[in-house]
Amino acid sequence: MSEIKETIVNGKAVLGIEFGSTRIKAVLIGEDNTPIASGAHDWENRLEDGIWTYTLDDIWTGLQDSYTKMTEDVRKQYGVEVTSLAAIGFSAMMHGYMVFDQAGELLVPFRTWRNTITEQASEQLTELFQYHIPQRWSIAHLDQAVLNGEEHVAKIDYLVTLAGYIHWQLTGEKVLGVGEASGMFPIDIATGDYNQRMVEQFDERVAAKGFSWKLRDILPKVLSAGDAAGNLTEEGAKKLDVSGRLQAGVPICPPEGDAGTGMVATNSVAVRTGNVSAGTSVFGMVVMEKELSKVYEEIDLVTTPTGNLVGMVHCNNCTSDLNAWVNLFKEFAESFGMTVDMNQLFGTLYNKALEGDKNCGGLLAYNYFSGEHVTNFEAGRPLFVRKPDSNFNLANFMRVHLMASLSVLKTGLNLMLKEEGVKVDKMLGHGGLFKTKGVGQSILAAAIDAPVYVMETAGEGGAWGIALLASYMVHKAEGESLDDYLNQKVFAGQEGTRMDPDPADVKGFDEFLEVYTAGLPIERAAVDHLS
């Protein structure tokens, strides 16, 4: 306790703040990189004029509230005030579109990653670059605005993501970490900067419009983890800490996206490591040794915060349908007057799945609350299907919903791991699916046919991840890589719980995926006919 107090009072603590889609979280870490205080602010995006957005007021109110709550937590636990810090880092959900004029005024409401309004641009840029450009990427939003003939495009002076916007406002620096930048525009792995060939192709594409800007004029400068990225200004300190106690001058690390901070928080930034984040949605990332042989619409290419190439499969649906079925069992139990402990209910039902047939006994489920681009669905209808002779019991029922929650991910990852031969030595699992010990972990191990690790610290999340990046910037030794820093100074001795794939489970999942793939027309019929 006295050591932590001293760390805070002497300004040696490090702060990380991450803007998630529903929560803004601030995590303060000590000199040993473990969390010592935190604060959070809940927020929600809003649909305005057909655009998913957050207002600037939402952003600043949320930032200040999460910081204030962190300082209140410090005061309550340690009885001291936060007046100075060793370093700060900001991260946020990636992609999206924030554009400003020369006066620094926002030209159009913030368009978040969630908007699917850039299909035309996405397809045309993918064709032009011969590189997959997802709809949520910033360059797709810019190109679509050009295609739409939107008046504001001519006035753009700066295009940036949410994390980059916060950093700019608090430091005056127009920079981004390479991992975050890789969700704006493709990165050349050799240079650690935007792909120059593609930059020139884009400039040529819009040349006839006569804009006063070229693409590089309006994009943030790309930095790597550990690079100096500016300091907290006097004005920035007041914007962050409304109490006025926080002193200016704090070094701030390059802003990163939630994919990069998730990699850091799970110690999966090294080549041939990966992580799967499984909750409401699910995504899997693998740090690759080389480029893919061709363009896959199912695979997004981003980078680690140090610029290594990452193949990413992002799926919209994971546990929502599974949770809905668990809630149905809760309602059933309560109808008999039972008091239900949700942790016990989830644990009991998840463990029941381990007793089921490896291939789910002929049961089939689709967990599509919304569309899935990997399987070409623009909308979703949750479905459960069985044949008269399927082995219909509780174990198989739970198993099929657990396997369905990872089937789209497996479809995408199969392209990387099987078609392309991408090697992964270690996969880290984090998120709600892995809370029941050993169950989600074993299903994921079967899905990817590779060892899966779950670490206690994975629950700390991206705010901890960006705090670690800030800590690395100010505490790294000469020439010390981020991989080495994480292995030796953060995760030393924390391998996590390892689970190797059971060959029978792998075979069963492969058999199930054949049925799942063959049954996709059933889901298509539901989407087409159930309006």
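Higher on the page you've got the structure.
Residues numbered from 1 in each chain as written. Predicted model: local features only at pLDDT ≥ 70, side-chain atom pairs only at ≥ 80, totals over all residues. Heavy atoms only, no water.

1. Here's the deal with the overall build of the protein
When you go through the protein residue by residue, the secondary structure sums to 18 helices and 24 strands. Each of the three principal axes of the protein carries a C-alpha extent, and together these read 70 × 65 × 45 Å. The buried share among the 531 residues of the protein stands at 56%. Put simply, 72% of the contacts in the protein that link residues at least 6 apart link residues at least 24 apart. With an accessible surface of roughly 21700 Å², the protein has 48% of that area assigned to carbon and sulfur atoms. When the 43 positive and 71 negative side-chain charges of the protein are each reduced to one mean point, those points stand 2 Å apart. (Helix = DSSP H or I, 4+ residues; strand = E, 2+ residues; numbered from the N terminus. Buried < 20%, exposed > 50% of the residue type's maximum accessible area, 1.4 Å probe, protein only. Contact = heavy atoms within 4.5 Å. Areas by Shrake-Rupley, 256 points an atom, 1.4 Å probe, with all protein chains shown as cover. Lys, Arg positive; Asp, Glu negative; His and termini not counted. Charge placed at Lys NZ, Arg CZ, Asp CG, Glu CD.)

2. Section: the side chain of His401
If you trace the backbone, His401 turns up in helix H13 (residues 394–419). When its relative accessible area of 3% is taken as the criterion, His401 is described as buried. Among the polar contacts made by the side chain of His401, one reaches the main-chain carbonyl oxygen of Phe397 at a distance of 2.9 Å. Dropping the residues within four chain positions of it, His401 is found in contact with Asp321, Leu322, Trp325, Ala365 and Phe384. (Polar contact = N/O pair within 3.5 Å; in protein donor to acceptor, adjacent residues only side chain to side chain.)

3. Observations regarding a negative patch on the surface
Residues Glu3, Glu6, Glu31 and Asp32 make up a contiguous surface patch of negative charge. Along the chain, the position of Glu3 falls in helix H1 (residues 2–9). Accessibility expressed as a relative area gives 66% for Glu3, which makes it exposed. (Patch = residues over 30% accessible without salt bridge, like charges linked within 9 Å, V, L, I, M, F, W, Y side chains within 5 Å. Salt bridge = Lys/Arg side-chain N within 4 Å of Asp/Glu carboxyl O.)

4. Notes on a nonpolar patch on the surface
A cluster of nonpolar side chains, contributed by Phe332, Phe336 and Met338, occupies part of the molecular surface with about 360 Å² of accessible area. Relative to the helices and strands, Phe336 is located in the loop between helix H11 (320–335) and helix H12 (342–353). With a relative accessible area of 59%, Phe336 lands in the exposed category.

5. A few points about the sheet that holds strand S14 (residues 273–278)
Taken in spatial order, the 7 strands of this open sheet run S16-S17-S15-S14-S22-S23-S24, and their pairing is mixed. Across the chains shown, the open sheet's two edge strands, defined by having one partner strand only, are strand S16 (300–303) and strand S24 (497–499). When strand polarity is set aside, the average angle formed by the axes of neighbouring strands in this sheet is 25°. Here S14 pairs with strand S22 (residues 426–430) via 5 bridges, running parallel. Opposite Gly274, over in S22, you have Met427 as the bridge partner. Lying over the sheet, H13 contacts S14, strand S15 (282–287) and strand S17 (309–315), oriented at roughly 150° with respect to S17. (Pairing = 2+ DSSP bridges. Axes fitted to C-alpha atoms, helices over the stretch in contact; angles between N-to-C directions.)

6. Quick notes on empty space enclosed by the protein
Counted according to the given criterion, the structure contains 1 cavity of 30 Å³ or more. In this structure, the largest cavity spans a volume of roughly 40 Å³. Contributing to the lining of the largest cavity are Gly177, Ser224, Ala225, Gly226, Cys253, Pro254, Glu256, Pro305 and Leu469. Looking at side-chain class alone, the lining of the largest cavity contains 5 nonpolar, 3 polar and 1 charged residues. (1 Å grid on protein atoms, 1.4 Å probe; cavity = no way out; pocket = protein on both sides within 12 Å on 5 of 7 lines; lining within 4 Å. Points joined across faces, edges and corners; volume = space filled by probe spheres on them. Nonpolar A, V, L, I, M, F, W, Y, C, P; charged D, E, K, R; others polar.)

7. Topic: the pairing of strand S2 (residues 23–29)
The buried fraction of S2 is high, at 5 of 7 residues. Sheet topology note: the strand S1 (residues 14–19)/S2 ladder contains 6 bridges and is antiparallel. Looking across to S2, one finds that Gly16 is bridged to Val27. The loop that links S1 with its antiparallel partner S2 comprises 3 residues. As defined by bridge partners, S2 adjoins strand S3 (residues 35–42) across 7 bridges and the pair is classed as antiparallel. The partner of Ile24 across the bridge, within S3, is His41. Between S2 and S3, which pair antiparallel in sequence order, lie 5 residues; one of them, Asn33, sits at a positive phi of approximately 70°.

8. Points about the pairing of S16
One face of the sheet, then the other: side chains in a regular strand alternate in exactly this way. Of the two faces of S16, the one holding Asp300 and Val302 and the one holding Leu301 and Thr303 are both buried throughout. Pairing analysis gives 4 bridges linking S16 to S17, with the strands arranged antiparallel. Residue Leu301 lies in a different strand from S17, and its bridge partner there is Gly311. Between S16 and S17, which follow one another and run antiparallel, lie 5 residues, and Gly307 among them has a positive phi close to 95°.

9. Thoughts on the packing of aromatic side chains
Evaluated as defined, the whole model comprises 25 aromatic pairs. Ring centres of Tyr366 and Tyr516 lie 4.7 Å apart, and the angle between their planes is 45°; this geometry places the pair in the tilted category. One end of the pair, Tyr366, is in strand S18 (residues 364–366); the other, Tyr516, is in helix H17 (residues 503–518), and 150 residues separate them in sequence. Classification of Tyr366 as buried rests on a relative accessible area of 0%. (Phe/Tyr/Trp six-rings, centres within 6.5 Å; stacked < 30°, edge-to-face > 60°.)

10. Remarks on the sheet that holds S1
The mixed open sheet is built from 5 strands, whose spatial order is S3-S2-S1-S6-S13. Edge positions in the sheet fall to S3 and strand S13 (256–257), since each of these pairs with one other strand and no more. Each of S1, S2, S3 and strand S6 (87–92) is contacted by helix H2 (residues 56–78), which is oriented at about 145° to S3, the strand it contacts most. Against the sheet, helix H15 (residues 461–475) touches S1, S2, S3, S6 and S13, its axis set at about 140° to S1.

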